[in-house]
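# Examining the three-dimensional arrangement
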Amino acid sequence: MALDQDQVRNIAELCRLQIDDSQIADYQKNLSSILDLVNQLAAANTDGVEPMAHPLDAVQRLRADLVTEDNQREHFQQIAPATDQGYYLVPRVVE
Amino acid sequence: MEWEVVIGLEIHAQLATKSKIFSGASTQYGADANTQACAVDLGLPGVLPVFNEEALRMAVKFGLAIDAEIGKKSVFDRKNYFYPDLPKGYQTTQLHHPIVGIGHIDIELDNGETKRINVTRAHLEEDAGKSVHEGFEGMSGIDLNRAGTPLIEIVSEPEMRSAKEAAAYFRKMHSIVTYLGICDGDLSQGSMRCDCNVSLRPKGQQEFGTRTEIKNVNSFRNVERAIEAEIARQMDILEDGGRILQETRLYDADKNETRGMRSKEVANDYRYFPCPDLLPILIEDNYIEAVRETLPELPDAKRHRFVKDHGLSATDAAVLAADRELAHYFETAAKLVNDYKLAANWVQGDVSATLNRLEISIGQLPVSAEQLGRILLLIKDSTLNNGGAKEVFNALVALGEAGKADSSVEKVDALVDSMGLKQVSDTGAIEAIVAEVLANNPKLVEGYLATPVEKRGKAMGPFIGLTRKAAAGVNPQVVMEVLKQKLEELG
């Protein structure tokens, strides 16, 4: 399955990856061959096979509704690029 | 052209769990920014979500309350998008296998009829954090306390045909989730939010018109107003031969208009896939039945019972049953006095007026249901007249306002005594007072006796007034009887 250049750009945008125009041809080739590899699965006959939600044949364990976490804000915010008054700061987002 | 309005709602209700849907961080509202956002909520590497059993139980309870099929196998999916209030880069939600399938609720229309609205599905998901745009000098502040709060998103079929119906549906859902105790229903804190999908089509046309989605409307009133405004906007465009752009819009309550949100450069592509960190949830029939056992009486059932068993009017019953706390208050008082109509009048009268005046909820009213029941009982046995009852009620409210609330039943009796509100019903005592009044007002008596018999009823008025003035708190009914008898004796 061959991706075109616009699809590569779109994928990069969705993933928030900045790629150079000069790199697009490479990505196009590599991503397309990955898709080809995965696409071999399409050849398998899946009639009557229920889609699998998880590879492990197990059921979700549940936890009791208890507050078990303490406030570790100081600790977590040491690795944040910018904080103020307890908030994480990001470039301004306005809808 | 005649247009038909088509409305579907997506309601997000925060589940009233103590901890988050996938972590042990608190969901308490109003904490300092980021003090309740743990490593799981922040999406730090190496963490694993573990599903909260209470969120599951609440979602199942909701499904049963709207008579829906419960998904015995439900699966969490990742909805991928980037936004600063979503630190993991995806929202954990349910796409193909929601916990709640097709169900329905009934809404009451203005003409008294009932309309059934089908619910397509309801699924579990996590809430995002909050962005604050003021006070950070060109930056936005992110508070992730809300991130990971459990939500159920309730999706209706596009079956509402007016803004009023949509508001009635939102109200009914609010009533149901608060009755179930699965959501605190506090709209001002964002516990319930609503996205409204609105489109128009020529009357009689099968095919739907292009719809717009109004995001995050957070009050009953605004649901109605936002939809009205959007209908008017779409109608103008269509009448002029234009076409509607499918888009997301925001409602500006100050201007009473909707406006388009800045459209993203790239169309949304959420790339859903099953969350590898979470296994499927399997539910057994006996679990569902055990949850069913815990269902309380729901608003519709309560409303019908108020009408059928206690003779309330449909309107009274609807008002009193809509809010669980109010219904409980009303019923507690009504049972004590064993007079539902009297209690209904008081709850919708003095009680509601006080709640409105003080802008408080029924739980904060300084007059307890037991106290109201006692007051009503004192009216019933003629210890208090209506005016006196109001005085006691207001005195209790005033105590509460002064920070000296006393919710004991004894306080009612103490107030009746200290305020001298007890009615004198003792016939002997009243006879003495009446005799004195008649003796002191010979001219009035003369006038009365000169009045033709058929007009004497009205002419008795001044005597009643004088008697009550002479002795405050006399039972007016007894006064009437005694007066009638005494005056008749005179001629």
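Sequence order as written defines residue numbering, which begins from 1 separately in each chain. Chains and ligands are labelled sequentially in the order written, the chains with letters from A and the ligands with numbers from 1. Note on the predicted model: pLDDT of at least 70 is required for a residue's local features to be given, and 80 or more for side-chain atom pairs to be given and counted; whole-chain, interface and lining totals, by contrast, use all residues. Think of the side-chain values as coming from all heavy atoms in the structure, minus any hydrogens and water.

### Quick word on the overall build of chain B
- Looking only at helices and strands, one finds 17 helices and 16 strands in chain B.
- The globule rule used for comparison is 2.2 Å times the number of residues to the exponent 0.38, while the radius of gyration itself is calculated over C-alpha atoms. Taken against the 2.2 N^0.38 rule, which gives 23 Å for 491 residues, the C-alpha radius of gyration of chain B at 30 Å runs more than 25% over that of a compact globule.
- Principal axes of the C-alpha set define a box for chain B whose edges measure 95 × 55 × 55 Å.
- Three exposure classes are used, based on accessible area relative to the maximum for each residue type with a 1.4 Å probe and protein chains only: buried under 20%, partly exposed in between, and exposed over 50%. Counting the 491 residues in chain B, one finds 48% classified as buried.
- The positive count covers Lys and Arg only, the negative count covers Asp and Glu only, and His and the chain ends enter neither. Throughout, a charge is located at the NZ atom of Lys, the CZ atom of Arg, the CG atom of Asp or the CD atom of Glu. If you average the places of the 56 positive and of the 73 negative side-chain charges in chain B, the two averages end up 2 Å apart. For helices the rule is a DSSP run of H or I covering at least 4 residues; for strands it is a run of E covering at least 2, with both sets numbered from the N terminus onward.

### A look at the sheet that holds strand β9 (residues 139-143) of chain B
- Strands qualify as paired when DSSP identifies two bridges or more between them. Within the open sheet, the four strands sit side by side as β2(A)-β3(A)-β9(B)-β8(B). Their pairing is antiparallel. Pairing within the sheet leaves two strands with one partner each, and these edge strands are β2 (83-84) of chain A together with β8 (130-132) of chain B.
- Here β2(A) pairs with strand β3 (residues 87-91) of chain A via two bridges, running antiparallel. Bridge assignment links Asp84(A) to a residue of β3(A), and that residue is Tyr87(A).

### Section: the packing of aromatic side chains
Residues and elements named next belong to chain B.
- Centre distance within 6.5 Å is the pairing criterion for rings of Phe, Tyr and Trp, where only the six-membered ring of Trp is used; planes under 30 degrees apart are then read as stacked, over 60 as edge-to-face, and the remainder as tilted. The final tally for this structure, using the stated rule, is eleven aromatic pairs over all chains.
- Seen in terms of ring centroids, Phe22 and Phe76 are 5.2 Å apart; in terms of plane orientation they differ by 85°. Their pairing is edge-to-face. Here the residue Phe22 occupies a position in the loop between β1 (3-14) and α1 (39-42), and Phe76 occupies one in the loop between β3 (73-74) and β4 (77-80), the gap between them amounting to 54 residues. Side by side, Phe22 and Phe76 carry an identical accessibility label, which is buried.
- Taken together, a centroid distance of 5.4 Å and an interplanar angle of 70° make the contact between Phe170 and Phe220 edge-to-face. Of this pair, Phe170 sits in helix α3 (residues 163-180) while Phe220 is found in helix α4 (residues 220-239), placing the two residues 50 residues apart along the sequence.
- Judged by its relative accessible area of 0%, Phe170 falls in the buried class.
- Note on geometry: a ring has a charge over it if NZ (lysine) or CZ (arginine) is within 6 Å of the ring centre and within 35 degrees of the ring normal. Lying over the aromatic face of Tyr270, Lys79 brings its terminal NZ or CZ to 4.4 Å of the ring centre.

### So, the sheet that holds strand β7 (residues 114-126) of chain B
All names here are of chain B.
- Pairing is mixed in the open sheet, where eight strands are placed in the order β6-β7-β10-β1-β11-β12-β13-β14. Only two strands of the sheet have a single partner each, and these edge strands are β6 (103-108) and β14 (257-260). Neighbour-to-neighbour, the strand axes of the sheet open up by a mean angle of 30°, direction not taken into account.
- As judged from the five bridges shared by β1 and strand β10 (residues 150-156), these two strands associate in the antiparallel manner. The partner of Ala13 across the bridge, within β10, is Ile152.
- Helix-sheet contacts for helix α2 (residues 53-65) involve β7 and β10, and the interaxial angle to β10 is about 20°. Under this scheme, a helix contributes an axis fitted over its contacting stretch, all axes are lines through C-alpha atoms, and angles between N-to-C directions fall in the 0 to 180 degree range. Contacts are assigned to residue pairs with any non-hydrogen atoms lying within 4.5 Å of each other.

### Description of the domain arrangement of chain B
Residues and elements named next belong to chain B.
- Domain extents, as shown, originate in an automatic or database domain assignment. Taken domain by domain, chain B comprises domain 1 (12-196 + 265-288), domain 2 (297-418) and domain 3 (427-490).
- Each partner contributes residues to the interface: domain 1 has ten residues there, and domain 2 has eleven residues.
- Buried area is a sum: the accessible area each of two parts loses on coming together, probed at 1.4 Å, counted once for each and added. When the two sides are added together, the surface that domain 1 and domain 2 hide from each other amounts to roughly 770 Å², 55% of it contributed by carbon and sulfur.
- Contact with domain 2 buries surface across domain 1, with Glu108, Ser175 and Tyr179 losing the most and accounting together for 64% of the total.

### Digging into the interface of chain A and chain B
- Listed as interface residues are 38 residues of chain A and, on the opposing side, 57 residues of chain B.
- Both sides together, the interface formed by chain A and chain B hides about 4100 Å², and carbon and sulfur atoms give 62% of it.
- Every case where a carboxyl oxygen of Asp or Glu lies within 4 Å of a side-chain nitrogen of Lys or Arg is listed as a salt bridge. Counting across the chain A and chain B interface gives one salt bridge.
- Note that Lys73(B) is salt-bridged to Glu50(A), the shortest N-O span being 3.7 Å.
- Definition of a polar contact: a pair of N or O atoms within 3.5 Å, with one able to donate and the other able to accept a hydrogen when the atoms are protein atoms, and with sequence-neighbouring residues admitted only if both atoms are side-chain atoms. Counting the contacts that link chain A with chain B gives 21 residue pairs in polar contact (both at pLDDT 80 or more).
- Those elements that provide at least two residues to the side of chain A that touches chain B are α1 (5-14), β1 (62-63), α3 (73-77) and β3 of chain A.
- Here the side of chain A that touches chain B gets five residues from one element, more than from any other, and that element is β3(A).
- Each residue is assigned to one of three groups, with Ala, Val, Leu, Ile, Met, Phe, Trp, Tyr, Cys and Pro labelled nonpolar, Asp, Glu, Lys and Arg labelled charged, and all others, Gly among them, labelled polar. Partitioning the side of chain A that touches chain B into residue classes produces 19 nonpolar, eight polar and eleven charged.

### Considerations on the pattern of salt bridges
Residues and elements named next belong to chain B.
- Using the criterion set out here, one finds 37 salt bridges over all chains in the structure.
- When the shortest N-O distance is used, the salt bridge between Asp285 and Lys72 registers 2.7 Å. Here Asp285, found in helix α5 (residues 285-293), pairs with Lys72, found in the loop between α2 and β3; they are 213 residues apart in sequence, far enough to count as distant.
- Residues Glu247 and Arg249 are paired through a salt bridge, measuring 2.4 Å at the closest nitrogen-oxygen approach.
- Taken together, the shared-partner salt bridges connect Glu108, Lys172, Asp300 and Arg303 into one network.

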